[in-house]
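Breakdown of the fold
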Amino acid sequence: MRRVDVMGVRVEMPTNKPIVLLRERDGELYVPIWIGAPEATAIAYAQQGVAPPRPLTHDLLVNVLSDLGHTLEHVVVTRMEDSIFYAELVVDGDTTISARSSDAIAIALRAGVSIYVADEIFDEVGVSVPVEEDDEVEKFREFLDNVSAEDFETSQGEGPGEAPEDGPEDRPSSST
C-alpha cells in the first residue's frame, strides 16, 4: 500500500471524461482514475477549499462520522476489477466501509486524512512521468492559468510564427 497525493482533476481528451490523478508520495508513478462529472466537481471543490453554504453529500458524511464520535483514519483504493476501482473508508482503525474510489477521495480531502493505493494497482495501471515532463506540465498549467484571449490576437504586420510585441520570453518554451 502506497500513500498518494491528489494531483488534481483533469479532463481527458478526446473522450472529454474527467479523471482524478493520484501520485505516489515517495515515487514518480501516477494512477489515473476515470470518474463522473459530479465527483470531479466534489474533488476539485475540496482541493480548492470551496465551502458550500450547506453541506454536500461528502461533507455530510464527514460531519456524521465526527458527530457520532467516530474517526476516519484514512482511505484506501483497494483494487481494480474490469477497469472499476474499489475503495474503503477506514473508520476507528478497524472498521472498513466500501466506497467508490471517487467518493473515498472526496471524503478524504474534506476530512484531511491520508489516501493510499494498493501496490497491485500501481503494478497494473501505474504510469511513470519523468520529473522533466512533470516540470514542463506544471509550467504549461501556469501558462494556461494566466493566458487570455487577448494574448492570441495579432497586431497588424505580424504573421504566423512571429513574436508579439512583448517578446518571445512571454511564451511557454517548447522542448521538442
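Rules behind the numbers
Residues numbered from 1 in each chain as written. Predicted model: local features only at pLDDT ≥ 70, side-chain atom pairs only at ≥ 80, totals over all residues. Heavy atoms only, no water. pLDDT = per-residue confidence, 0-100. Helix = DSSP H or I, 4+ residues; strand = E, 2+ residues; numbered from the N terminus. Contact = heavy atoms within 4.5 Å. Salt bridge = Lys/Arg side-chain N within 4 Å of Asp/Glu carboxyl O. Pairing = 2+ DSSP bridges. Axes fitted to C-alpha atoms, helices over the stretch in contact; angles between N-to-C directions. Buried < 20%, exposed > 50% of the residue type's maximum accessible area, 1.4 Å probe, protein only. Arc of directions from axis to C-beta. Parallel < 35°, antiparallel > 145°, perpendicular 65-115°, else oblique. Left-handed = near helix turned anticlockwise from the far one by under 90°. Nonpolar A, V, L, I, M, F, W, Y, C, P; charged D, E, K, R; others polar.

What follows is about the confidence of the model for the protein chain. Mean pLDDT over the protein chain stands at 81; residues scoring 70 or higher make up 73%. Mean pLDDT across the elements of the protein chain bottoms out in helix 5 (residues 131-146) (59) and peaks in strand 7 (residues 114-117) (98). Note on residues 151-176: pLDDT under 50 across the span, and 15 contacts to partners over four residues away in sequence or across chains.

Here we take up the pattern of salt bridges. It is possible for side chains bearing opposite charge to pair when their charged atoms get close. A full pass over the atoms with the stated rule returns 8 salt bridges. The partner of R25 in a salt bridge is D5, with the nearest N and O atoms 2.5 Å apart. Here R25 is found in the loop between strand 2 (17-24) and strand 3 (29-34), whereas its partner D5 is found in strand 1 (residues 2-12), with 20 residues between them in sequence. Between R100 and E39 there is a salt bridge, with the nearest N and O atoms lying 2.5 Å from each other. A residue pair is termed long-range when its members are at least 10 positions apart, and R100 in strand 6 (residues 95-100) and E39 in helix 1 (residues 37-48) qualify at 61 residues. Three or more residues are tied together by salt bridges with common partners; here these are R2, E24, D119 and D123.

With that settled, consider the sheet that holds strand 1. The strands making up a sheet are joined through hydrogen bonds of the backbone, oriented either antiparallel or parallel. Ordered in space as 6-5-4-7-1-2-3-8, the 8 strands form an open sheet in which the pairing is mixed. The two strands at the open ends of the sheet, each matched to only one other strand, are strand 6 and strand 8 (127-128). Relative to strand 5 (residues 84-91), strand 4 (residues 72-81) runs antiparallel, the two being bridged by 8 bridges. Bridge assignment links V77 to a residue of strand 5, and that residue is A87. Most of the contacts of helix 3 (residues 101-111) go to strand 6, to which it runs at about 120°, and overall it touches strand 1, strand 2, strand 3, strand 4, strand 5, strand 6 and strand 7.

So, about helix 2 (residues 57-67). Of the positions making up helix 2, those classed as buried are H58, D59, V62 and L65. End-on, the buried residues of helix 2 take up no more than an arc of 130°, which puts them together on one face. Among the exposed residues of helix 2, those pointing more than 90 degrees away from its buried face are T57 and D67. Lining the buried residues of helix 2 we find helix 1, strand 4, strand 5 and helix 3. The positive-phi residue at the C-terminal boundary of helix 2 is G69, with phi of around 85°.

This part takes up the packing of helix 2 against helix 3. Put simply, helix 2 and helix 3 touch, their axes get as near as 9 Å, and they point 60° apart. On the basis of their axis angle, the class for helix 2 and helix 3 is oblique. Once helix 2 is placed against helix 3, the crossing between them reads as right-handed. Between helix 2, through H58, D59, L61 and V62, and helix 3, the contact on the second element is made entirely by D103, A106, I107, R110 and A111. Partitioning the contact of helix 2 with helix 3 into residue classes produces 5 nonpolar, 1 polar and 3 charged.

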